[in-house]
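# Per-entry structural report
Single-letter residue listing:
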Amino acid sequence: MKYSIPTEEYVTSGTVACQGCGAVLALRYALKALGPDTVLSVPACCWSVIDGPFPYSSTLVPLFHTAFETAAAAASGIRNGFAIRGNDHTTVMAWAGDGGTVDIGIQALSGAVERDEDIIYVCYDNEAYMNTGIQRSGSTPWGAWTTTTPVRHFKKEEKKDMVEIMAAHGIRYTATACVSHAEDFVKKMKKAKQIRGTKYLQVFASCPPGWKMQSEDSIKALRLAVQTGIWPLYEVENGVYKINHKPKEFKPVEEYLKLQGRFRHLKPEDVEHVTRWRDRRWKLLEAKVAMTRELYGAEAAET
Amino acid sequence: MKKVLTGNHAVSYGSMLARAEVVAAYPITPQTQIVEKISELCADGVMDAKFIKVESEHSAMAACIGASAAGARAFTATSAQGLALMDEMLHWAAHARLPVVLANINRSMAPPWTIWTDQNDTISRRDTGWIQYYCESNQEVTDSVIQAFKVAEQVELPAMLVLDSFYLSHTSEPVDLADIALVDKYLPKYQAKHDLDPAKGHPAYGALCNDEWYYELQIKMQWAMEKALDVIIAEDALFGEMFGRSYPVVEGYRADDAEYLVFVSSTIASTAKDAVDRARAEGIKAGSAKVRLLRPFPKPQIRKIAKGKKRLGVIDRNISYGSEGAFYTEIKSCLYHELQRPEIHGFIAGLGGRDVTVDAVYEMIKITAGRSPETDINWQGAKLA
Amino acid sequence: MPNKHYIPLKNINDIPTMAKTLGTMLVNETGSWRNVRPVISNEACIQCGICWKYCPDMSISEDEEGFPVVNLVYCKGCGVCAAECPKDCIEMVEEVR
């Protein structure tokens, strides 16, 4: 059999994740990239439960459960605790959902980035508070149904762009990734591991129950997100933007939206709204690529 | 080596002598000098610690928890709003059984804004599972940082030492700084029983527990607190042997033959001694008893010192709204089953930093000696009329 | 029927000081969740490894000939492998119990 990513597993079978869970694949891939010398700081999120109830765990690296707001702060503490004891080789990774990152966890994350703590922060983004039953978060996209944005009042606020917020901090390395594009994600995690300082990755992770779709469509939905341009794959390293993958032609956003019940209520004008958002965002992204290449030099962009 | 130190600096030097390894702290008046001095000590190479300049107190405690879980000796300091903000993580540190030490400057809770002292901030946290030491002098403060780590690391519970805002935090007193080599003998390098080193295994800490084992885990915490009382006393005795200073968990002043005994804590304990002397000079057989520990509550020591007294008074620089002063409740309750139960007065004094003078304590002693209690709350020094 | 990963805990003396895990989630045989089961046809299989890659339960491994094998003890029947197989050689069939 061909293996496009490392074969060693650091998450066992037997997790209590839902069928088709993208969040499991996200951590599975992340740990394949980082290896066993890794410690996880996990706030309240799906993975607080997925890992398993006491006395069992499914991860083959130490996992420290911490309070909802604190993934980045606890990770900072762990990193400094290791450092003062002479350990600067263990990777410390904060592993959080979107709620614990863009809403309640944003302060601790912002503080950690500003201090340039030597940690990797990965947000596995399934676009709502899934663990507590699909409530909207700041990462929920415009148009989505959630239990707190029911169909008559579907979310009319745009998704918070966390990667851009990170870039605005002057973070050394930030990137988007997608579970469907496992090789790209693993490559980015390996890259992050080599960089000293704070690194932030946001990996798109599907949630069949939360997105109201069949479990078998889990990867397909993520792939469509990339192919429709709704989820761009890009990196910002030392301020220089680089797009990792641009589809020659974007697939119509409907293909992505119609796969998921959470978008079923959208009318043609709503779909247009999403399309305009996608286009506007890509224009800005490409402008940033050109601008930062000019400002900070071509060599930095060609990694 | 003797230095003249404010309470805040006494904390800083205590953390240096205790070789705190990770300090994660956020500034708040009146604690700021603690972290400023620690920064200085670290910058000067006198103290070898990582100072994480976190962006809030909640993150401060979260970072201390992370550092302690990773096997390092973690320390922080805060006050009032800051302590309240980190409340969730105080519970976390205790439940996670991590020996973090915190110095809290007792400052009144807002609103209205204030920087002056009362004990409500720490009293409100007495259910978190943290050991609580209430300190009377700057010498005690420095020594308590060291003792707190020694005890916390043994019983696997976090500990806070508490001191009055301004009356102690900003008041200079002579402090004998122990020789650090001797401190190292008393308090060796922290060896965590459980840590996060991947080389040692890959457990998860704090996993979902349901109703299957949560109860028993809490029982373990209570058992640890009960054990802590003995450990605190033993470690204080050892400290006394090695450094020549010790701090009884309940310390009487002219208490043995007293008929009327007033329980006090923090700086009021010092003031009370003068008031006791004055009362004695007038023929009132008064005494005072400083209560150093609120958690674990030193029940046997309270019962012992209260035995044979005609009447007791308790001076609380705090109030649990809807009930009464916290030390009053605790003392009254622990005497409930005693065959001989003296009458007991509850006084509230000094809220919001109002000065509690020798005169004020003397008045409270006189009331205690003079009449039976009429209410549970006697407001002392308030502008009621 | 608990498997070999089951850890019997009777009372307070059997548990650690804090909620620190002692064993593995392999104790949880999630195969019982299935309504449908993947059936792989080796004839069409090109051994691309995509089914292994996308299995959210790490329930696909390789046999001696390089063909994917499903671990039915843990496979939840999510159908991702069947959906992603580029050669359509995986069929989800009704689980019979």
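Residues numbered from 1 in each chain as written. Chains lettered and ligands numbered in written order. Predicted model: local features only at pLDDT ≥ 70, side-chain atom pairs only at ≥ 80, totals over all residues.

This next bit is on the overall build of chain B. Of the regular secondary structure elements, chain B holds 13 helices and 16 strands. Relative to its length of 385 residues, chain B is compact, with a C-alpha radius of gyration of 21 Å against a globular reference of 21 Å. With respect to the three principal axes, the spread of C-alpha positions in chain B is 65 × 50 × 45 Å. Taking all 385 residues of chain B together, 56% fall into the buried category. A separation threshold of at least 6 residues defines the contact pool for chain B, and within that pool the share at least 24 residues apart is 81%. (Helix = DSSP H or I, 4+ residues; strand = E, 2+ residues; numbered from the N terminus. Rg over C-alpha atoms; globule rule 2.2 N^0.38 Å. Buried ≥ 20, exposed ≤ 12 C-beta atoms within 10 Å, placed from the backbone. Contact = placed C-beta atoms within 7 Å.)

For the rest of this paragraph, the subject is the overall build of chain C. When its secondary structure is counted, chain C shows two helices and five strands. Mapped from its N terminus to its C terminus, chain C presents α and β elements in the order β-β-α-β-β-α-β. Compactness check: chain C gives a C-alpha radius of gyration of 17 Å against a globular reference of 13 Å for 97 residues, more than 25% above the reference. Here the C-alpha coordinates of chain C stretch approximately 55 × 25 × 20 Å along the principal axes. Counting the 97 residues in chain C, one finds 38% classified as buried. Sequence-distant contacts in chain C: of pairs separated by 6 or more residues, those separated by 24 or more amount to 63%.

The subject of this paragraph is the sheet that holds strand β6 (residues 173–178) of chain A. On the basis of which strands lie adjacent, the open sheet formed by nine strands has the order β9(A)-β8(A)-β6(A)-β7(A)-β5(A)-β4(A)-β1(A)-β3(A)-β9(B) and mixed pairing. Each edge of the open sheet is held by one strand with a lone partner, namely β9 (240–245) of chain A together with β9 (204–205) of chain B. With four bridges connecting them, strand β1 (residues 38–42) of chain A and strand β4 (residues 91–97) of chain A associate as parallel partners. Opposite T38 of chain A, over in β4 of chain A, you have T91 of chain A as the bridge partner. (Pairing = 2+ DSSP bridges.)

Ranked by internal contacts, the top residues of the largest apolar core, which has 247 residues, are A23, I78, C178 and V203 of chain A together with I65 and I365 of chain B. Element by element, the count of residues in this core is highest for helix α1 (residues 22–34) of chain A, at ten residues. Here this core spans two domains, since at least three of its residues come from each of domain 1 (2–243) and domain 2 (251–380) of chain B. (Core = buried A, V, L, I, M, F, W, Y, C linked by C-beta atoms within 7 Å. Domains from an automatic or database assignment.)

All right, on to the environment of R264 of chain A then. The topology assignment puts R264 of chain A in the loop between α10 (253–257) and α11 (268–296). Note: C-alpha distance between R264 of chain A and S58 of chain A (206 residues apart in sequence) is 35 Å.

The next thing to look at is the sheet that holds strand β14 (residues 311–316) of chain B. Residues and elements named next belong to chain B. Spatially, six strands are ordered β10-β12-β11-β14-β15-β16 in an open sheet, and the strand pairing comes out mixed. Edge positions in the sheet fall to β10 (250–253) and β16 (378–380), since each of these pairs with one other strand and no more. Each neighbouring strand pair of the sheet contributes to a mean axis angle of 25°, computed without reference to strand direction. Here β14 pairs with strand β15 (residues 343–349) via six bridges, running parallel. Residue pairing across strands places D316 opposite I348, the latter belonging to β15. Packing against the sheet, helix α10 (residues 268–281) makes contact with β10, β11 (260–264), β12 (286–291) and β14, and its axis sits at approximately 170° to β12. (Axes fitted to C-alpha atoms, helices over the stretch in contact; angles between N-to-C directions.)

Now for the domain arrangement of chain B. All names here are of chain B. The domain architecture assigned to chain B consists of domain 1 (2–243) and domain 2 (251–380). Computed from C-alpha atoms alone, the centre-to-centre distance between domain 1 and domain 2 is 27 Å. Contacts between the two partners involve 28 residues from domain 1, matched on the other side by 21 residues from domain 2. Residue assignment for the side of domain 1 that touches domain 2 shows that the elements contributing at least two residues are α6 (120–123), β6 (131–134), β7 (159–164) and α9 (210–243). Broken down by element, the residue count for the side of domain 1 that touches domain 2 peaks at five residues, all from α9.

Counting residues at the interface gives 41 residues for chain A, matched by 38 residues for chain B. Of all elements in the fold, only β1, α2 (46–50), β3 (63–65), α3 (71–84) and α5 (106–114) of chain A reach the threshold of two or more residues within the side of chain A that touches chain B. Per-element accounting of the side of chain A that touches chain B gives the leading share, eleven residues, to α3 of chain A. For the side of chain A that touches chain B, a count of residues per class yields 19 nonpolar, 17 polar and five charged. Sheet topology places β3 of chain A next to β9 of chain B; two bridges connect them, and they run parallel. Following the sheet pairing, F64 of chain A is matched in β9 of chain B by Y205 of chain B. (Nonpolar A, V, L, I, M, F, W, Y, C, P; charged D, E, K, R; others polar.)

Turning our eyes to something else, we now look at helix α3 (residues 57–69) of chain B. Residues and elements named next belong to chain B. Taking 1.5 Å as the rise per residue, α3 with 13 residues should run 18 Å; its terminal C-alpha atoms sit 18 Å apart, in good agreement. Counting buried positions over the 13 residues of α3 gives 13, a clear majority of the element. Positive phi appears at G71, one or two residues downstream of α3, with a value of about 105°. (Expected span 1.5 Å × (residues − 1).)

This part is about the confidence of the model for chain C. The predicted model of chain C has a mean per-residue pLDDT of 97, with 100% of residues at 70 or higher. Interface predicted TM-score (ipTM) for the complex: 0.97; the corresponding pTM is 0.97. (pLDDT = per-residue confidence, 0-100.)

Residue and element names in this part refer to chain B. Following A110, the chain continues to P111 via a peptide bond in cis, the omega torsion being -10°. Here the amide bond leading from R295 into P296 is cis, since omega sits at -5°, within 30 degrees of zero. Mapped onto the secondary structure, P296 falls in the loop between β13 (293–295) and α11 (299–306). A positive phi angle, near 55°, is found at R254, a position not held by glycine.

All names here are of chain A. Burial runs high along β1: five of the five residues are buried. Pairing of β1 with β3 involves three bridges; the strand directions are parallel. The partner of L40 across the bridge, within β3, is L63.

To continue, consider helix α12 (residues 326–334) of chain B. Those residues of α12 of chain B not exposed but buried are A326, F327, Y328, E330 and I331 of chain B. Considering only its buried residues, α12 of chain B is in contact with α6, β11, β12, α11, β14 and β15 of chain B.

Here we come to the packing of helix α1 (residues 7–17) of chain B against helix α2 (residues 32–43) of chain B. Residues and elements named next belong to chain B. Look at α1 against α2: their axes get within 8 Å of each other, and the N-to-C directions meet at 40°. In terms of orientation, α1 lies oblique with respect to α2. The element α1 and its partner α2 pack so that their crossing is right-handed. In this structure, α1 uses N8, H9, V11, S12, S15 and M16 to contact α2, whose residues at the interface are Q33, I34, K37, I38 and L41. Classifying every residue of the contact of α1 with α2 by side-chain character gives five nonpolar, five polar and one charged. (Parallel < 35°, antiparallel > 145°, perpendicular 65-115°, else oblique. Left-handed = near helix turned anticlockwise from the far one by under 90°.)

Residue and element names in this part refer to chain B. Two numbers describe how α3 lies on helix α5 (residues 87–95): the axes approach to 8 Å, and their chain directions differ by 15°. The orientation of α3 relative to α5 falls into the category roughly parallel. Crossing hand, α3 versus α5: left-handed. Taken together, the residues of α5 that come into contact with α3 (itself represented by H58, M61, A62 and I65) are E88, M89, L90, W92 and A93.

What follows deals with the environment of R371 of chain B. Residues and elements named next belong to chain B. Along the polypeptide, R371 turns up in the loop between α13 (358–370) and β16. Overall, the presence of 11 C-beta atoms within 10 Å leaves R371 in the exposed class. Residues R371 and D277, spaced 94 residues apart in sequence, show a C-alpha to C-alpha distance of 20 Å.

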